[in-house]
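# Chain and residue survey
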Amino acid sequence: MLTLNELTIAIEIGIIYGILALGIYLTFRTINFPDLTCDGSFVTGAAVSSVIIKSGLNPMVGLFFAMLTGGTAGLLTGLINIRLKVEDLLSGIIVAFILYSINLRIMGTNPNISLVNETTIFCCGNPILICAVIVALILFFIAYLLSSDFGLGLRTIGQNKKFASANGVNVNVMTIFGLVISNALIAICGAIFTQYQGFCDVSQGTGCLVIGLASVIIGEKLISKIKFARDMEIVSRNFCEIFLALFACVIGSIAYRIFITIAINSDIFGLKTQDLNLITGLLIIFIMSGKQKC
Amino acid sequence: MLNLKNIYVRNVLVDLNLTVNEGEFVLVIGENGSGKTTLFNTISGSVTPSGGSVFIAGKNITNEPQYLRAKLVANVFQDPKVGTVTNMSVRDNLNMAYMRGKKRTLLAPSCSKNRDDFFREKLVEIGLENRLDSLAGELSGGQRQALSMIMALITDSKIVLLDEITAALDSENSRKVLQIIDKCVYKQKKTCLMITHNKDQINQLGDRTLILKNGKLVQM
């Protein structure tokens with residue numbers, strides 16, 4: 001059976017990975033760009049944050065620089081796609097491939113860095129509370145961004161590029177902007193997760209995309225039915241609807257972690273830790289086999 | 001108002017010249033593949049000609065991308081699924097059109113009560129004043145095309161391009177859309193170019209009709 005401690009850890013990791021899900025949501029759902037940079041930018045954030053903490057700086061500085069480097073990775077993917085006309089999938093793969101070497105460079109050629117006995121953001125409080133505050137701030141920022149006129153343009157390019165361009169939206173700049181924000185969020189997630197678990201590994205980004213996508217899809221299934229009252233003030237309603245769509249990603253991430261923890265710890269069908277990818281893949285297939293949103 | 005000089009688009013338009021005066025309504029006809037849509041794309045900026053110049057209100061905009069020309073040129077596409085965003089509300093579609101040519105900032109929310117009132121006023125003309133919250137995909141083809149028309153006319157664009165806008169509609173919806181053209185474009189003396197294959201429309205609408213043949217325009 002699942003213990004309370006295991007459940008708490010699942011929720012904590014779920015909240016942290018909620019930031020990854022938000023980043024994936026921005027690329028895959030909002031701007032409709034299948035970005036595979038995330039497997040690299042997640043580790044970049046983790047590596048930068050670890051090196052900064054190791055050098056004795058404040059862990060919040062680590063988060064800030066993780067965000068900057070992640071955003072730069074997104075910028076690189078966008079520029080390769082738009083300026084060099086490389087296909088979206090391939091440009092993400094190339095950058096993720098390049099980032100593996102860069103991450104090793106950042107980590108001083110060590111494949112892993114231990115943060116045991118180092119000061120992290122989790123040293124001064126309850127991990128769930130700290131994660132919840134950070135995720136709430138990010139949620140409000142992204143919801144505010146997407147509910148603005150600028151955000152409406154960003155949302156439109158993922159739905160109908162021709163329409164967006166005909167209505168005065170610079171599709172190229174918006175695509176790059178979306179990639180920058182998305183990868184900055186994913187890098188922040190990597191940085192927080194590495195501080196949470198106390199070590200950074202160069203291969204810890206493997207499978208990020210699938211985990212993020214699973215979280216987004218589960219979240220959409222769980223929260224898609226909620227509607228706000230029509231008589232609610234329009235600015236608030238618009239913000240709440242966007243906030244809820246984003247919040248669904250975080251809820252999806254937590255649900256995903258709880259499901260995985262239950263599957264691995266409850267000895268159902270003799271499943272073990274090494275079956276994690278099998279369970280994740282089957283879970284996604286099961287969810288996606290249901291009716292999709294149009 | 002609109003001046004095209006020696007426009008050349010490879011394999012489609014050859015040394016094409018066109019002048020449209022302010023307030024003029026011009027019909028463009030021609031066989032399939034004659035380059036009508038390419039001509040419109042050249043004006044709207046989604047196609048950059050390899051030769052020639054495009055002037056609007058005396059300004060050379062040949063090298064301006066489509067998103068910068070959006071404040072000057074409004075489009076209504078043949079397919080209403082292209083001219084509106086299926087998964088967005090009627091309000092968001094109208095907001096997109098409302099901000100055409102304006103600076104989209106992070107500070108201003110995309111919705112407001114004032115904008116809603118303005119949109120409802122416009123939507124009365126097509127009977128959709130109570131459908132602001134509906135998804136564009138929930139509207140019928142005719143309603144979506146009518147919405148596209150309202151969106152094209154919501155800002156004070158100098159030129160309106162109508163690309164076979166009734167081609168995908170049944171006769172009843174075509175009639176409704178033509179009523180909007182008559183009321184909001186023709187009678188208000190908007191500068192407009194319209195592609196059509198419909199003989200009735202050729203007889204009813206337009207100050208003049210141009211035929212596109214072998215990449216060149218011929219006056220009818």
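See the structure printed just above.
These numbers were taken from a predicted model, which means no experiment stands behind them. (Residues numbered from 1 in each chain as written. Chains lettered and ligands numbered in written order. Predicted model: local features only at pLDDT ≥ 70, side-chain atom pairs only at ≥ 80, totals over all residues. Heavy atoms only, no water.)

### Focus on the side chain of Ser157 of chain B
Residue and element names in this part refer to chain B. Basically, it comes down to this: By the criteria applied, helices consist of DSSP H or I runs no shorter than four residues and strands consist of E runs no shorter than two, each listed in order from the N terminus. Relative accessibility decides the category of a residue: with a 1.4 Å probe and only protein chains considered, values under 20% of the type maximum give buried, values over 50% give exposed, and everything between is partly exposed. Two residues qualify as a contact provided that any one of their heavy atoms is within 4.5 Å of a heavy atom in the partner residue.
For Ser157, the location among the structural elements is in the loop between helix H6 (141–153) and strand E7 (159–163). With a relative accessible area of 4%, Ser157 lands in the buried category. Setting aside residues up to four positions removed in sequence, Ser157 forms contacts with Ala70, Lys71, Leu72, Val73, Ala74, Arg100, Ala152 and Lys190.

### So, the interface of chain B and chain A
Which entries qualify depends on this criterion: Buried area: the accessible surface (1.4 Å probe) lost by two parts on joining, summed over both. Every case where a carboxyl oxygen of Asp or Glu lies within 4 Å of a side-chain nitrogen of Lys or Arg is listed as a salt bridge. A 3.5 Å cut-off defines polar contacts: any pair of N or O atoms within that distance qualifies, except that in protein one atom must be a possible hydrogen donor and the other a possible acceptor, and neighbouring residues in sequence count only when both atoms are side-chain atoms.
Contacts between the two partners involve 34 residues from chain B, matched on the other side by 27 residues from chain A. Here chain B packs against chain A, burying approximately 2800 Å² in sum over the two surfaces, 59% of which is carbon and sulfur. Inspection of the region where chain B meets chain A yields 3 salt bridges. The partner of Arg115 of chain B in a salt bridge is Asp149 of chain A, and the shortest N-O contact between them spans 2.8 Å. Counting across the interface, chain B meets chain A through 15 residue pairs in polar contact (both at pLDDT 80 or more).

### Regarding the nonpolar core
Residue and element names in this part refer to chain B. Spelled out, the test is: Throughout this description, the term nonpolar core refers to a set of buried Ala, Val, Leu, Ile, Met, Phe, Trp, Tyr and Cys residues connected via side-chain atoms within 4.5 Å.
Grouped together as the largest cluster of nonpolar side chains are 109 residues, with contacts concentrated most on Leu94, Met149, Leu162 and Ile181. Not counting residues within four places of it along the chain, the set of residues in contact with Ile181 comprises Phe25, Met149, Leu162, Ile165, Tyr186, Met194 and Leu205. Grouped together as the second largest cluster of nonpolar side chains are 25 residues, Leu18, Leu39, Leu161 and Ile195 included.

### Structural notes on unusual backbone geometry
Residues and elements named next belong to chain B. Unlike most non-glycine residues, Ala57 shows phi in positive territory, near 50°. Along the chain, the position of Ala57 falls in the loop between strand E4 (51–56) and strand E5 (59–60). Since its relative accessible area comes to 48%, Ala57 is described here as partly exposed. Not every positive phi belongs to a glycine, and Glu164 is a case in point at roughly 45°. Summarising the element assignment, Glu164 is placed in the loop between E7 and helix H7 (171–186). Glu164 sits in the buried class, given a relative accessible area of 14%.

### Quick notes on the environment of Phe122 of chain A
All names here are of chain A. Looking at where Phe122 falls in the secondary structure, it is placed in the loop between strand E1 (112–114) and helix H5 (127–146). In this structure Phe122 comes out as buried when scored by relative accessible area, which is 13%. With 29 residues separating them in the primary sequence, Phe122 and Ile93 have C-alpha atoms 33 Å apart. For Phe122, the contacting residues outside a window of four places in its chain are Ile16, Pro127, Ile130, Cys131, Ile192, Gln195 and Tyr196.

### A short note on the sheet that holds strand E8 (residues 191–195) of chain B
Residue and element names in this part refer to chain B. What counts here: At least two DSSP bridges between two strands are required for those strands to pair. For helices, the fitted line uses only the C-alpha atoms of the stretch in contact; every axis is such a line through C-alpha atoms, and the angle between N-to-C directions lies from 0 to 180 degrees.
Pairing in this open sheet of 6 strands is mixed, and the strands run E6-E7-E8-E3-E9-E10 from one edge to the other. The open sheet has two edge strands, strand E6 (73–76) and strand E10 (216–219), and neither has a second partner. Averaged over all adjacent pairs, the angle separating strand axes in this sheet is 25°, with direction ignored. As defined by bridge partners, strand E9 (residues 208–213) adjoins E10 across 4 bridges and the pair is classed as antiparallel. Note on E10: the bridge partner recorded for Leu210 is Gln219.

### Focus: the side chain of Thr196 of chain B
Residues and elements named next belong to chain B. Tracing the backbone shows Thr196 in the loop between E8 and helix H8 (199–204). Given the relative accessible area of 3%, Thr196 is considered buried. Those residues in contact with Thr196, other than ones at most four positions away along the chain, are Leu27, Val28, Ile29, Gln201 and Ile202.

### A word on the pairing of E9 of chain B
Residue and element names in this part refer to chain B. Of the pairings in the sheet, the one linking strand E3 (residues 25–29) to E9 comprises 4 bridges and is parallel in character. Within E9, the residue paired with Val28 across the bridge is Leu210. Counting the residues in the hairpin turn of E9 and E10 gives 2 residues, including Asn214, whose phi is positive at 50°.

### Quick word on the sheet that holds E4 of chain B
Residue and element names in this part refer to chain B. Pairing within the open sheet is antiparallel, and its 4 strands lie in the order E2-E1-E4-E5. Both outer strands of the open sheet, strand E2 (13–20) and E5, are each paired with one neighbouring strand and no more. Bridge count between strand E1 (residues 2–9) and E2: 5 bridges; the pairing is antiparallel. Its bridge partner lying in E2, Leu4 is registered against Leu18. Against the sheet, helix H1 (residues 36–44) touches E1, E2 and E4, its axis set at about 120° to E1.

### A word on the pairing of E7 of chain B
Residue and element names in this part refer to chain B. Heads up, the condition is: Classification remark: right-handed applies to a crossover when, strands pointing away from the viewer, the course from the first strand over the helix to the second runs clockwise.
Burial analysis of E7 places 5 of its 5 residues in the buried class, which makes it a mostly covered element. Alternating positions in E7 separate into two faces, Ile159, Leu161 and Asp163 on one and Val160 and Leu162 on the other, with burial throughout. In this structure, E6 lies alongside E7, joined through 4 bridges in parallel fashion. Directly across from Asn75, in E7, lies its bridge partner Leu161. As paired strands, E7 and E8 are joined by 5 bridges and run parallel to one another. What sits directly across from Leu162, in E8, is Met194. Taken together, E7, H7 and E8 constitute a β-α-β crossover, and its handedness is right-handed.

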